[in-house]
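# Understanding the architecture of this molecule
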Amino acid sequence: MRRLPTRPLAVLAAIGVLALAGCGTQPAGAPADPGGVPGADRTIRAQQVMRLTQVHEQTGMTLLEGPVLDEHGRLLVVDVTAPAGEPKVLRVNVRKKTSEQLHTDDRGTYTSAQFSPYDGRIYLTDFSHGDIVSLAPDGGDPRTFFSGEVDGAPMNPDDLAFDREGNLYVSDSRGMSEDAAHGRVVRIDRTGKGATVLADGLAAPNGISFDADYRGLWFSELTQNRISYLRLDADGAVSSRHTAVRVDGGVAQTDSIAVDADGNLYQGLHGRPAMAVYSENGERLATVEVPARASDGLESATNVAITPGGTRAYMTVSGPDGGYLYTFDALARGVRQSNGG
């Protein structure tokens, strides 16, 4: 993600941090022994669908994120490290194993994608510039939905989740580059005109998703390897907050989160091409892994999209060998909370 010399130094620094962060700050390596963690002995083997991207010459890496299925069943994926002129949002035909560019520009560092239930547009988080950008479903008509400071500080938006009314909830990884706990969870109303900090003092918050019943938000802190839960009241304000799961990731760190219809959490990992699956009560249910023969050159499994109403899951996996799409059968059917973010 070291783009071109013409890019501002601050943007280059943010891109470098994201590449290390898997969008961690630890190098990849062999997985740690799960050491008797409940459910850790159940392994789900994901199967390769296709390689989507190769390492970009200009940025020296590729990093796939934000898988989301549109209403026609086509998969959209963002490439965080794509340089200007190369696909930053790709549309994938998983049946034909083909992909095409949906959007590119000369500015954005996009780390997630999701369709709004309010206006049907695609929303992207631009980590480097602190913006939320929206696109028409065909990838055109780019608009800056939100930009600027929140409570006097700029954002580094990583992932996002929508409530039923179309309001946005964003994991703000502010402070990641300084290894400082300045991160936040921010709520932005669906008009883009009002932003509220729901939680602060967080260590590089990354994944964020509503639970199955929209009663609260799960979010992960990458540099603490923990998942926390924010219970919300009827007005969307925080009524309580607690640490819910401490992830035994070894060298790996907590990345994005998806939630299926049964409330199970799919926790992406950076530093290992795998996902940890937990029940809503914190029980380790399974580990999703790529086959060992294919794991060389792969360092992260950032996120997953589960087919709405079905159990077919698509996982974004990246590393020095390129950016890949893998598939597996999820533990329960997909819902909005397991489709993008």
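First things first, this report covers the structure right here in the doc.

So, how was this worked out
- Residues numbered from 1 in each chain as written.
- Predicted model: local features only at pLDDT ≥ 70, side-chain atom pairs only at ≥ 80, totals over all residues.
- Heavy atoms only, no water.
- Helix = DSSP H or I, 4+ residues; strand = E, 2+ residues; numbered from the N terminus.
- Buried < 20%, exposed > 50% of the residue type's maximum accessible area, 1.4 Å probe, protein only.
- Areas by Shrake-Rupley, 256 points an atom, 1.4 Å probe, with all protein chains shown as cover.
- Pairing = 2+ DSSP bridges.
- Axes fitted to C-alpha atoms, helices over the stretch in contact; angles between N-to-C directions.
- Contact = heavy atoms within 4.5 Å.
- Polar contact = N/O pair within 3.5 Å; in protein donor to acceptor, adjacent residues only side chain to side chain.
- 1 Å grid on protein atoms, 1.4 Å probe; cavity = no way out; pocket = protein on both sides within 12 Å on 5 of 7 lines; lining within 4 Å.
- Points joined across faces, edges and corners; volume = space filled by probe spheres on them.
- Nonpolar A, V, L, I, M, F, W, Y, C, P; charged D, E, K, R; others polar.
- Salt bridge = Lys/Arg side-chain N within 4 Å of Asp/Glu carboxyl O.
- Phe/Tyr/Trp six-rings, centres within 6.5 Å; stacked < 30°, edge-to-face > 60°.

Our next topic: the overall build of the protein. Broken down by element type, the protein carries 1 helix and 27 strands. By residue count, 60% of the 341 residues in the protein fall in the buried class. Summing over all exposed atoms, the protein offers an accessible surface of approximately 13,200 Å²; the carbon and sulfur share of this is 44%.

Taking strand neighbours across the sheet as the criterion, the 4 strands line up as 7-8-9-10 in an open arrangement whose pairing is antiparallel. Of all the strands in the sheet, just strand 7 (110–115) and strand 10 (143–146) have a single pairing partner and so form its edges. Each neighbouring strand pair of the sheet contributes to a mean axis angle of 30 degrees, computed without reference to strand direction. Looking at chain direction, strand 7 and strand 8 (residues 122–126) are connected through 4 bridges and run antiparallel. Of the residues in strand 8, the one forming a bridge with F115 is I122.

So, on to the environment of Q48. Relative to the assigned elements, Q48 resides in strand 2 (residues 47–53). Measuring from C-alpha to C-alpha, the distance between Q48 and F328 comes to 9.1 Å, with 280 residues separating the pair along the chain. Sequence-distant contacts of Q48, that is, excluding residues within four places in its chain, are made with Y324, L325 and Y326. A distance of 3.4 Å separates a polar atom in the side chain of Q48 from a polar atom in the side chain of Y326.

Within strand 24 (residues 284–289), 6 of the 6 residues are buried, leaving the element largely enclosed by the surrounding structure. Relative to strand 24, strand 1 (residues 43–45) runs parallel, the two being bridged by 3 bridges. Note on strand 24: the bridge partner recorded for T43 is T287. With 5 bridges connecting them, strand 23 (residues 274–278) and strand 24 associate as antiparallel partners. Its bridge partner being in strand 24, A276 is matched across the sheet by T287. Following strand 23, the chain reverses through 5 residues before pairing antiparallel with strand 24; G282 in that reversal takes a positive phi of roughly 90 degrees.

If you roll a probe as big as a water molecule over the atoms, it shows you where there is empty space left. If you add up the space inside the largest cavity, you get close to 60 Å³. Every residue lining the largest cavity is listed: Q114, L160, A161, F162, I208, S209, F210, Y214, R336, Q337 and G340. Residue assignment for the lining of the largest cavity shows that the elements contributing at least two residues are strand 13 (157–162) and strand 17 (205–210). Each residue belonging to the lining of the largest cavity can be placed in one class, and the counts come to 6 nonpolar, 4 polar and 1 charged.

Okay, the sheet that holds strand 13 next. Within a sheet, neighbouring strands are paired by backbone hydrogen bonds and run either parallel or antiparallel to one another. Strand order in the open sheet formed by 4 strands is 13-14-15-16, and the pairing between neighbours is antiparallel. Two strands close off the open sheet at either side, each with one partner strand: strand 13 and strand 16 (195–202). With strand direction ignored, the average angle separating the axes of adjacent strands in the sheet is 20 degrees. The pairing of strand 14 (residues 168–172) with strand 15 (residues 183–188) spans 5 bridges and is antiparallel. If you follow S171 over to strand 15, its bridge partner there is V185.

Within this structure, the stated rule accounts for 14 salt bridges. The salt bridge partner of D213 is R215, with a shortest N-O separation of 3.9 Å. Judged by relative accessible area, which is 45%, D213 ranks as partly exposed. For R215, the salt bridge goes to E280, with nearest N and O atoms at 3.9 Å. Here R215 is found in the loop between strand 17 and strand 18 (216–221), whereas its partner E280 is found in the loop between strand 23 and strand 24, with 65 residues between them in sequence.

Structurally, S300 can be placed in strand 25 (residues 300–306). On the accessibility criterion, S300 (2% relative accessible area) is buried. Those residues in contact with S300, other than ones at most four positions away along the chain, are L63, L269, H270, G271, R272, P273, T316, V317 and S318.

Secondary-structure assignment places S318 in strand 26 (residues 312–319). Among the residues examined, S318 registers a relative accessible area of 2% and is labelled buried. Between the C-alpha atom of S318 and that of G297, which follows or precedes it by 21 residues, the distance is 8.1 Å.

Looking now at the packing of aromatic side chains. By the definition in use, this model includes 7 aromatic pairs. Aromatic side chains Y169 and F210 sit 5.0 Å apart centroid to centroid with 85 degrees between the ring planes, which places their arrangement in the edge-to-face category. Of this pair, Y169 sits in strand 14 while F210 sits in strand 17; the two residues are 41 residues apart in sequence, bridging distant segments of the chain. You can call F210 buried: its relative accessible area is 2%. Seen in terms of ring centroids, Y324 and Y326 are 6.4 Å apart; in terms of plane orientation they differ by 50 degrees. Their pairing is tilted. Residue classification places Y324 among the buried residues on the basis of a relative accessible area of 8%.

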